[in-house]
Every structure is written in structure tokens, then in C-alpha cells.
Amino acid sequence: ATGALPSARGSRIVMQLKESCKDYASAEKVKAIIKKYSNFVAFPVRVNGEVVNTVSAIWAQEISSVTEEQYDEFYRFISNSYDKPKYRLHFRTD
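Just so you know, these numbers come straight off a predicted model, no measurement behind them.

Novice: Outline unusual backbone geometry, listing residues and values.
Specialist: In this structure, Asn-48 takes a positive phi of about 55° despite not being glycine. By the secondary structure assignment, Asn-48 is in the loop between strand 1 (46-47) and strand 2 (50-51). On the basis of relative accessibility, which here comes to 74%, the residue Asn-48 falls in the exposed class. Of note, the phi angle at Asn-80 is positive, near 55°, even though the residue is not glycine.

Right under this line is the structure:
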């Protein structure tokens, strides 16, 4: 594919867009889409070498392995706020 660089490991996605859809080619737009729809993927998703999906799926981890900071970060991500949660319930599932 045109413009695709060889990758030592993983996958590289190359898309050809219509002129009317070129705004989807910007790194910021791609990052926003990944954060909205793929933030809890278990492996790192990189855009231009930067890891974009930074919030881990804490519901898949052992309760004893999740830190207070991880709970707070998860709450802030889901609620789109900056305060601390009033209550916390950890339900572990696959």
C-alpha cells in the first residue's frame, strides 16, 4: 500500500479516503475515535508512536491489583468529570 512503512510486529492500517473525508486522516481525529471506541482494548494502540488507549479495563483485573489512582482515572474517564467518585463497586467479569 502506498505510504505504508514495514512494521516489525503488529498491524498497520492504511486507508484511502475520499476528499470529503480527509478530516479523518488527522492524527487528532484518529486519537479521538480510538479513545471513544477502543480505549479498553487489552493491547496498546499507537498513533505516530504514541500510545492512545491509556485507561485499562479495571473490571477484568483482580480487586487487589487495582490502585486507588486507577479507580479515580477510570471514573474520570467514564464520567468525563474531575471529581472523585462517592461510591465504588468492583464487579469482575470477562
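Novice: Let's hear about the nonpolar core: which residues, and what values?
Specialist: Counting residues in hydrophobic clusters, the biggest one holds five residues: Val-55, Ile-58, Val-66, Tyr-71 and Phe-74. What Val-66 contacts, discounting residues up to four positions off in sequence, is Ile-58, Gln-61, Tyr-71 and His-90.

Novice: Residues and numbers for the packing of aromatic side chains, please.
Specialist: Evaluated as defined, the whole model comprises four aromatic pairs. Geometrically, the ring pair formed by Phe-40 and Phe-74 is tilted, given 5.8 Å between the ring centres and 55° between the ring planes. Taken as a pair, Phe-40 in the loop between helix 1 (27-37) and strand 1 and Phe-74 in helix 2 (residues 68-79) lie far apart in primary sequence, 34 residues in all. Ring pairing ties together the aromatic residues Phe-40, Trp-59, Phe-74 and Phe-77, which thus form one cluster. Over the face of the ring belonging to Tyr-71 we find Arg-88, whose NZ or CZ atom lies 4.0 Å from the ring centre.

Novice: Can you explain the pattern of salt bridges? Please cite residues and give values.
Specialist: Inspection of the entire model under this criterion finds four salt bridges. Residues Glu-68 and Arg-88 are paired through a salt bridge, measuring 3.0 Å at the closest nitrogen-oxygen approach. One end of the pair, Glu-68, is in helix 2; the other, Arg-88, is in the segment after helix 2, with 20 residues separating them in the sequence. With a relative accessible area of 43%, Glu-68 lands in the partly exposed category. In this structure, a network of salt bridges that share partners links the residues Glu-28, Lys-31 and Glu-50.

Novice: Could you give an account of the layout of surface pockets, with specific residues and numbers?
Specialist: In this structure, the second largest pocket spans a volume of roughly 190 Å³. Lining the second largest pocket, in full, are Ile-58, Trp-59, Tyr-71, Phe-74, Tyr-75, Ile-78, Pro-85, Tyr-87, Arg-88, Leu-89, His-90 and Phe-91. Looking at side-chain class alone, the lining of the second largest pocket contains ten nonpolar, one polar and one charged residues.

How each quantity is defined
- Residues numbered from 1 in each chain as written.
- Predicted model: local features only at pLDDT ≥ 70, side-chain atom pairs only at ≥ 80, totals over all residues.
- Heavy atoms only, no water.
- Helix = DSSP H or I, 4+ residues; strand = E, 2+ residues; numbered from the N terminus.
- Buried < 20%, exposed > 50% of the residue type's maximum accessible area, 1.4 Å probe, protein only.
- Core = buried A, V, L, I, M, F, W, Y, C linked by side-chain atoms within 4.5 Å.
- Contact = heavy atoms within 4.5 Å.
- Phe/Tyr/Trp six-rings, centres within 6.5 Å; stacked < 30°, edge-to-face > 60°.
- Lys NZ or Arg CZ within 6 Å of the ring centre and 35° of its normal.
- Salt bridge = Lys/Arg side-chain N within 4 Å of Asp/Glu carboxyl O.
- 1 Å grid on protein atoms, 1.4 Å probe; cavity = no way out; pocket = protein on both sides within 12 Å on 5 of 7 lines; lining within 4 Å.
- Points joined across faces, edges and corners; volume = space filled by probe spheres on them.
- Nonpolar A, V, L, I, M, F, W, Y, C, P; charged D, E, K, R; others polar.

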